[in-house]
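Below, each chain spelled out in residue letters.
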Amino acid sequence: MKSVPVILFFLLLHSSAALACSCIGAIGSEKEQVAAAYQRDALVFVGRVLSVEKVVTTDTLWVSDTGPLEQRVRLTQHETFRYTFAVARKYKGLTTESRVQVSSETQSASCGREFKVGSAYLLYGFQVSEKYPADGGPATPIAPYFATSLCNRGQELREVKRAELKQLKKLAKAG
């Protein structure tokens, strides 16, 4: 009987982490959802994952205007995965590239998405061109890169319906 409270505690802890990623639910028919995602996202393609690397960035966060420097400044680290894809079919956002790098958060609780090296995916992504500081200050321009999340459409290619690929082909032709 003692194990029941412990099990409940771990279930609640686990479920709260799963709820941290919050996406706006898709509205409309499947065809309307595909069209909306194509319109919204900057990148749509089919590709195979060639490699993955963990990228760690360190930022300086000012927490106080007084006291010694080591008490006024905190260093924060942020981890993402950077995936390299071999592009098989381009629908949007790529011109002549045969490879593209796409980043995603390392944790699903932060809406991160994991991809398996060697697997093929239909991927929708967005372009990041500004960095927002952790302290809520103004955004600063950065070198643009592509990213994706659990909130973007996309899945392993073997699970994608043919109707979606046909629709994407039509949307790409229409420009």
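Residues numbered from 1 in each chain as written. Predicted model: local features only at pLDDT ≥ 70, side-chain atom pairs only at ≥ 80, totals over all residues. Heavy atoms only, no water.

A tally of helices and strands in the protein chain yields 4 helices and 6 strands. Helices (α) and strands (β) of the protein chain occur, in sequence order from the N terminus, as α-α-β-α-β-β-β-β-β-α. Looking at the protein chain residue by residue over its 175 residues, the buried ones come to 30%. Taking all contacts inside the protein chain whose residues are at least 6 apart in sequence as the whole, residues at least 24 apart take part in 66%. (Helix = DSSP H or I, 4+ residues; strand = E, 2+ residues; numbered from the N terminus. Buried < 20%, exposed > 50% of the residue type's maximum accessible area, 1.4 Å probe, protein only. Contact = heavy atoms within 4.5 Å.)

Here we come to the pattern of salt bridges. On inspection of all chains with the given rule, the structure shows 8 salt bridges. Between E156 and K116 there is a salt bridge, with its nearest N and O atoms 3.4 Å apart. Within this pair, whereas E156 is found in strand β6 (residues 154–156), its partner K116 is found in the loop between β3 (99–105) and β4 (120–131), the two being separated by 40 residues in sequence. On the accessibility criterion, E156 (14% relative accessible area) is buried. Overall, the relative accessible area of 46% leaves K116 in the partly exposed class. (Salt bridge = Lys/Arg side-chain N within 4 Å of Asp/Glu carboxyl O.)

Our focus in this paragraph is a positive patch on the surface. A surface patch of like charges, here positive, comprises K31, R162, K166 and K170. Counting residues per element, the positive patch draws most heavily on helix α4 (residues 162–174), which supplies 3 residues. Counting through the fold element by element, R162 comes out in helix α4. Judged by relative accessible area, R162 falls into the exposed class, the value being 71%. (Patch = residues over 30% accessible without salt bridge, like charges linked within 9 Å, V, L, I, M, F, W, Y side chains within 5 Å. Areas by Shrake-Rupley, 256 points an atom, 1.4 Å probe, with all protein chains shown as cover. Lys, Arg positive; Asp, Glu negative; His and termini not counted. Charge placed at Lys NZ, Arg CZ, Asp CG, Glu CD.)

Before going further, it helps to spend a moment on α4. Taking 1.5 Å as the rise per residue, α4 with 13 residues should run 18 Å; its terminal C-alpha atoms sit 19 Å apart, in good agreement. Listed in full, the buried residues belonging to α4 are E164, L165, Q167 and L168. Relative to the axis of α4, the buried residues are bounded by an arc of 160° and lie together on one face. The exposed residues of α4 that point more than 90 degrees off its buried face are R162, A163, K166, K169, K170, K173 and A174. (Expected span 1.5 Å × (residues − 1). Arc of directions from axis to C-beta.)

Where β3 and strand β5 (residues 140–147) come together, 2 bridges link them in parallel fashion. From the neighbouring strand, V102 faces β5, where its bridge partner is F146. Sheet topology note: the β4/β5 ladder contains 5 bridges and is antiparallel. Each residue of the ladder has a partner; that of K131, found in β5, is T140. (Pairing = 2+ DSSP bridges.)

With that settled, consider the layout of surface pockets. There is about 850 Å³ of room inside the largest pocket. Counting only elements with at least two residues in the lining of the largest pocket, the list comes to β1 (43–62), β2 (73–92), β3, β4 and β5. Ranked by residues supplied to the lining of the largest pocket, first place goes to β1 with 6 residues. Tallied by class, the residues present in the lining of the largest pocket amount to 14 nonpolar, 12 polar and 6 charged. (1 Å grid on protein atoms, 1.4 Å probe; cavity = no way out; pocket = protein on both sides within 12 Å on 5 of 7 lines; lining within 4 Å. Points joined across faces, edges and corners; volume = space filled by probe spheres on them. Nonpolar A, V, L, I, M, F, W, Y, C, P; charged D, E, K, R; others polar.)

Here we take up the state of the cysteines. Throughout the structure, instances matching the rule amount to 2 disulfides. Disulfide partner of C21: C111, at an S-S distance of 2.0 Å. Since a negative S-S torsion denotes a left-handed disulfide, the C21-C111 link at about 110° is right-handed. Of this pair, C21 sits in the loop between α1 (3–18) and α2 (30–40) while C111 is found in the loop between β3 and β4, placing the two residues 90 residues apart along the sequence. According to the relative accessible area criterion, C111 is buried, its value standing at 14%. Cysteine pairing for the protein chain, with bonded cysteines counted in sequence order: 1-3, 2-4. (Disulfide = S-S within 2.5 Å.)

This paragraph deals with the nonpolar core. Residues F45, F85, L94, V100, V102 and F115 are the most contacted members of the largest nonpolar core, which totals 14 residues. Of all elements in the fold, only β1, β2, β3 and β4 reach the threshold of two or more residues within this core. When residues in this core are grouped by element, the largest group, 4 residues, is from β2. Excluding its chain neighbours within four sequence positions, the residues that come into contact with F45 are F85, V87, R89, K90, Y91, L94, V100, V102, Y121, L122 and L123. (Core = buried A, V, L, I, M, F, W, Y, C linked by side-chain atoms within 4.5 Å.)

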